[in-house]
There are 2 protein chains.
Amino acid sequence: MVVEYDGTDYCGWQRQKNGLSIQQVLEETIRLITQEKVTVFGSGRTDAGVHALNQVASFRSNTRLPAEILYRGINGLLPPDIVLKALEEVAWEFSALRDARGKVYFYRICNKRLRPALNRNYFWFIHQPLNLPLMEQAAQYLVGRHDFSCFCATGSDVKDHTRTVTSINISSVEDGLLEITIEAQGFLKYMVRNIVGTLVDVGRGKRKPSEMKEIIDSCDRNIAGITAPARGLYLKEVKY
Amino acid sequence: MVVEYDGTDYCGWQRQKNGLSIQQVLEETIRLITQEKVTVFGSGRTDAGVHALNQVASFRSNTRLPAEILYRGINGLLPPDIVLKALEEVAWEFSALRDARGKVYFYRICNKRLRPALNRNYFWFIHQPLNLPLMEQAAQYLVGRHDFSCFCATGSDVKDHTRTVTSINISSVEDGLLEITIEAQGFLKYMVRNIVGTLVDVGRGKRKPSEMKEIIDSCDRNIAGITAPARGLYLKEVKY
């Protein structure tokens, strides 16, 4: 399945005891159609408030319903903030989680003098002017294979913090709207949001682009910038 | 004052007994700053769920606070879905309501095969393909001075339904996003939403463009199309 969702009202992708998750809604909806209890595996988790344009998820089912009927039936029952863009039958062995080879996220920043009243759940508003060329310079230090401990959420239980960032690109998509697109083979918890928080420090002039190297080398989360808010983050694509 | 607001969580511009209105929030916020009970007059009402990019509103106050302090103080206290874009002192006689000479609204339609999960509060989603040239043809019958009873909400207590539409323009602003912009010296209750509902009938092929003339001439609300949902409507500009 390819899933688009508005993360605003969810506790994130992953099932939680204290909130409604995208995963839970999908599992319950699929169960209504197939009459089977299924487990839905996503390509990875997204945090509470994070959006997805093309999250990929898979589940195993013995249903005899054709894919087209499943697709339309599930979409008919999903709430307005979750929609399937596609559903197709794949090899039984396929796992959206295990087989993911890369992911692309983008992050939206609204950079204007005055906070907008509209669309507030879809970007991070920053009123200080951001210097784009400096941010682009800083971003280039991230490309390649690095220990990204400095950008990993404290408390994450992942041991190996080495990840490969394939590309990072910052563009001004329209008047006052910046988009930071980052592709990697895999991401650590809060990695994109912590990178964005640090790039924004550079854009505001609080840090020099060359400090990015020191930050990465430090492997210390306390040296890097703040965690950018979830509402600006979008999972754009998963590669297999 | 020039006011931008996200109408999603409000019962509309006008104070109501059973819900929170933009007017009430502005009056209470201004009272906190000026210590005076004020009445805020808008250029006109907007319905529940309708947005504004540049609503104009005025109030009378004896405060000695300079406009710049009022502006920043009010903005600091307003909720995230309402923001002042400007505040300046004007002639005591000025009334945002009485002195308005014209208004521009636009209406956003998302016309794609599949409903989007994101930004749902900011457009009307229509999955049937819309024929833009036919809608444009139909729209031209609206321009000029007409009795617009057929597009006026039933139950409205306004007697004279004659209004002058200065221009109407339909454009495809990006892939799958249509914008219908309409300017008039004044509008009736639900007028833009009823016009949009009828133009969409034409776009879907349910009516011919030439039927617009018959609809207007009928002066009968039952002959025109449905009322388009509030969430796609934006007050763009008020002219003085």
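Our structure's up above, just so we're on the same page.
One structure accompanies this document, and this report is about it. (Residues numbered from 1 in each chain as written. Chains lettered and ligands numbered in written order. Predicted model: local features only at pLDDT ≥ 70, side-chain atom pairs only at ≥ 80, totals over all residues. Heavy atoms only, no water.)

For the pair chain B and chain A, the best superposition has an RMSD of 0.0 Å and corresponds to a rotation of 180° with a translation of 0.0 Å parallel to the axis. Here the transformation between the copies is reduced to the relation of a two-fold axis. Taking the C-alpha atom as reference, chain B places Asn119 of chain B closest to the rotation axis, 3.6 Å from it. Both copies contact each other with a shared surface, as 100% of the interface residues of chain B are interface residues in chain A too. (Least-squares fit on C-alpha atoms with pLDDT ≥ 70 in both. Contact = heavy atoms within 4.5 Å.)

What follows concerns the pattern of salt bridges. All names here are of chain B. A full pass over the atoms with the stated rule returns 24 salt bridges over all chains. Among the ionic pairs, Lys85 bridges to Glu4, the shortest N-O distance being 3.2 Å. One end of the pair, Lys85, is in strand β4 (residues 82-86); the other, Glu4, is in strand β1 (residues 2-5), and 81 residues separate them in sequence. Among the salt bridges present, the one from Glu68 reaches Arg72, with a minimum N-O distance of 3.7 Å. Here Arg72 and Glu68 lie together in helix α2 (residues 67-77), a separation of four residues that amounts to about one turn. Using a relative accessible area of 55% as the deciding quantity, one classes Arg72 as exposed. (Salt bridge = Lys/Arg side-chain N within 4 Å of Asp/Glu carboxyl O. Helix = DSSP H or I, 4+ residues; strand = E, 2+ residues; numbered from the N terminus. Buried < 20%, exposed > 50% of the residue type's maximum accessible area, 1.4 Å probe, protein only.)

Between chain B and chain A, the residue contacts involve 26 residues of the former and 26 residues of the latter. Taking both sides of the interface into account, the surface hidden between chain B and chain A amounts to around 1,900 Å²; carbon and sulfur atoms contribute 54%. Between the two partners, chain B and chain A, sit two salt bridges. As a salt-bridge pair, Asp6 of chain A and Arg120 of chain B come within 3.2 Å of each other at their nearest N and O atoms. Linking chain B with chain A are 16 residue pairs in polar contact (both at pLDDT 80 or more). The set of elements that each furnish at least two residues to the side of chain B that touches chain A consists of β1, β3 (51-58), α2 and β4 of chain B. Residues that form the side of chain B that touches chain A fall into these classes: 16 nonpolar, three polar and seven charged. (Buried area = accessible area lost by both parts, 1.4 Å probe. Polar contact = N/O pair within 3.5 Å; in protein donor to acceptor, adjacent residues only side chain to side chain. Nonpolar A, V, L, I, M, F, W, Y, C, P; charged D, E, K, R; others polar.)

A few words on the packing of aromatic side chains. All names here are of chain A. According to the stated counting rule, one finds 12 aromatic pairs over all chains in the structure shown. Ring geometry for Tyr105 versus Phe187: centroids 5.0 Å apart, planes at 90°, classification edge-to-face. Of this pair, Tyr105 sits in strand β5 (residues 102-110) while Phe187 is found in the loop between β9 (177-184) and α4 (191-203), placing the two residues 82 residues apart along the sequence. The same class applies to Tyr105 and to Phe187, which are both buried. On the numbers, 6.4 Å between centres and 35° between planes, the contact of Phe148 with Phe151 is tilted. Note on Phe151: relative accessible area 0%, which makes it buried. (Phe/Tyr/Trp six-rings, centres within 6.5 Å; stacked < 30°, edge-to-face > 60°.)

Residue and element names in this part refer to chain B. Between helix α1 (residues 22-34) and α2, the least distance of the axes is 9 Å, while the angle of their chain directions is 125°. As the angle between them shows, α1 and α2 are arranged oblique. When the axes of α1 and α2 are compared, the crossing they make is right-handed. Within the contact between the two elements, α1 uses Thr29, Ile30, Leu32, Ile33 and Thr34 and α2 uses Leu70, Gly73, Ile74 and Leu77. Grouping the constituent residues of the contact of α1 with α2 by class yields six nonpolar, three polar and no charged. (Axes fitted to C-alpha atoms, helices over the stretch in contact; angles between N-to-C directions. Parallel < 35°, antiparallel > 145°, perpendicular 65-115°, else oblique. Left-handed = near helix turned anticlockwise from the far one by under 90°.)

Structural measurements only, silent on function.
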